[in-house]
Amino acid sequence: ITMSGIMLVVGSVSLGALLVFLKVKVISLNALWKILGIILSVRTIIRLQGIVAGFLEGVAPLSNAREYVIFLIETILMWVGQGVFIYLLFYSFGFTETYHLGVNAALLLLALTTVAITLPSSPGHVGTLHLMCVISLEICGLPTTEAFSYAVVFHALFNVILIILGIYGFMGER
């Protein structure tokens, strides 16, 4: 655990708390924009207003504390599940033995591939996901060919899992 990691977590939690406070009207949006208007440009404020409006629209269905707690637990379980998936794939490729990849490498891969899927790309995140996966694994000491092989299998298996869960969810709605 590094100081930058701690600061990232504290910053993320603070931003999340601010957005939740905005949602439940603890802090007035107008007051927030006035405060930020002192240090930020009008153009930046307009961009931030769009981001915050989108967030508030996204969490509009969450109407009470219980729903927020359920949402938080589901989010944590999703991230842990993805981390376990990445680590198990490391293990199946033999990377835990050969290159001594552990939880830190899985977290790095999870973080960078998450950034990759937010970037504009081709359908299915083909290209950007693979590039970030290869970069993550090269940082951890893997050769490019093995990193790329991992990236292709990782992407394929993850999509298969998503398709299966999507079919299950669709059948449950009927």
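First things first, this report covers the structure right here in the doc. Numbers given to residues run from 1 along each chain, matching the order in which its sequence is written. Note on the predicted model: pLDDT of at least 70 is required for a residue's local features to be given, and 80 or more for side-chain atom pairs to be given and counted; whole-chain, interface and lining totals, by contrast, use all residues. Hydrogen atoms and water are omitted, and side-chain values are computed over all heavy atoms in the structure.

1. Brief notes about the overall build of the protein chain
Step number 1: The secondary structure listing takes helices from DSSP runs of H or I that are at least 4 residues long and strands from runs of E that are at least 2 residues long, numbered from the N terminus. Along the backbone of the protein chain there are eight helices and zero strands.
Step number 2: Secondary structure elements in the protein chain, listed N-terminal to C-terminal, are α-α-α-α-α-α-α-α.
Step number 3: The buried label goes to any residue with under 20% of its type's maximum accessible area, the exposed label to any with over 50%, and the partly exposed label to all in between, with areas taken from a 1.4 Å probe on protein chains only. By residue count, 24% of the 174 residues in the protein chain fall in the buried class.
Step number 4: What makes two residues a contact is simply this: any of their non-hydrogen atoms within 4.5 Å. Long-range contacts, defined here as pairs at least 24 residues apart, represent 51% of the contacts in the protein chain between residues at least 6 apart.

2. Quick word on helix α6 (residues 103–118)
Step number 1: In this model, α6 (16 residues) spans 23 Å end to end at C-alpha, consistent with the 22 Å of a helix rising 1.5 Å per residue.
Step number 2: As for α6, its buried residues are in contact with α4 (65–93), α7 (128–139) and α8 (144–173). For a helix, the expected span equals 1.5 Å multiplied by the residue count minus one.

3. So, α8
Step number 1: With 30 residues, α8 should reach 44 Å at 1.5 Å per residue; the first-to-last C-alpha distance of 43 Å fits that figure.
Step number 2: The set of residues buried in α8 consists of Ala147, Tyr150, Ala151, Phe154 and His155.

4. Quick look at unusual backbone geometry
Outside of glycine, negative phi angles account for most residues, and trans bonds account for most peptide bonds.
Step number 1: You will see that His100, though not glycine, has its phi angle at about 55°, which is positive.
Step number 2: The residue His100 is located in the loop between α5 (95–98) and α6 in this model.

5. Remarks on the nonpolar core
Nonpolar side chains tend toward joint burial in soluble globular proteins.
Step number 1: Side-chain atoms within 4.5 Å are what join buried Ala, Val, Leu, Ile, Met, Phe, Trp, Tyr and Cys residues into a set we call a nonpolar core. In terms of nonpolar packing, the biggest core is built from 19 residues, with Ile86, Phe90, Leu101, Cys133, Leu137, Tyr150 and Phe154 touching the most fellow members.
Step number 2: Listing elements by their share of this core, those giving two or more residues are α4, α6, α7 and α8.
Step number 3: In contact with Ile86, other than residues within four places in its own chain, are Ala106, Leu109, Leu110, Tyr150 and Phe154.
Step number 4: Residues Leu32, Trp33, Leu36 and Val52 belong to the second largest nonpolar core, which totals six residues.

6. Some remarks on the packing of aromatic side chains
Describing an aromatic ring pair means giving the distance of the ring centres and the angle of the ring planes.
Step number 1: Only Phe, Tyr and Trp rings are paired, with Trp represented by its six-membered ring, and only when their centres lie within 6.5 Å; those with planes under 30 degrees apart are stacked, over 60 edge-to-face, the remainder tilted. Counted according to the given criterion, the structure contains nine aromatic pairs.
Step number 2: Between Phe90 and Tyr150, the aromatic rings sit 5.3 Å apart at their centres with planes inclined by 45°, giving tilted as the arrangement. One end of the pair, Phe90, is in helix α4; the other, Tyr150, is in helix α8, with 60 residues separating them in the sequence. Summarising the burial analysis for this pair, Phe90 and Tyr150 share the class buried.
Step number 3: Aromatic rings pair up to connect Phe85, Phe90, Phe93, Phe95, Tyr99, Tyr150, Phe154 and Phe158 into one cluster.

7. A short note on the side chain of His155
Step number 1: Here His155 lies in helix α8.
Step number 2: Contacts described as polar in this section are N or O atom pairs within 3.5 Å, which, within protein, must combine one atom able to donate a hydrogen with one able to accept it, while residues neighboring in sequence count only if both atoms come from side chains. Within the structure, the side chain of His155 is placed 3.3 Å from the side chain of His130, a separation counted as a polar contact.

8. Focus: the packing of α4 against α8
Step number 1: As a rule, the C-alpha atoms of each element are fitted with a line to give its axis, helices using only the stretch in contact, and angles between N-to-C directions run from 0 to 180 degrees. At their nearest, the axes of α4 and α8 sit 11 Å apart, and the two run at 135° to each other. Classified by the interaxial angle, the pair formed by α4 and α8 is oblique. For α4 against α8, the interelement crossing comes out right-handed. Residues Gln82, Phe85, Ile86, Leu89, Phe90 and Phe93 of α4 form the contact with α8, whose participating residues are Ser149, Tyr150, Val153, Phe154, Leu157, Phe158 and Ile161.
Step number 2: Any residue that is not Ala, Val, Leu, Ile, Met, Phe, Trp, Tyr, Cys, Pro, Asp, Glu, Lys or Arg is counted as polar, Gly included; the first ten are nonpolar and the last four charged. Split into classes, the residues belonging to the contact of α4 with α8 amount to eleven nonpolar, two polar and no charged. For classification purposes, an angle smaller than 35 degrees is called roughly parallel, one larger than 145 roughly antiparallel, one from 65 to 115 roughly perpendicular, and anything else oblique. For any helix crossing, the convention is left-handed if the near helix is rotated counterclockwise from the far helix by under a right angle, and right-handed if that rotation is clockwise.

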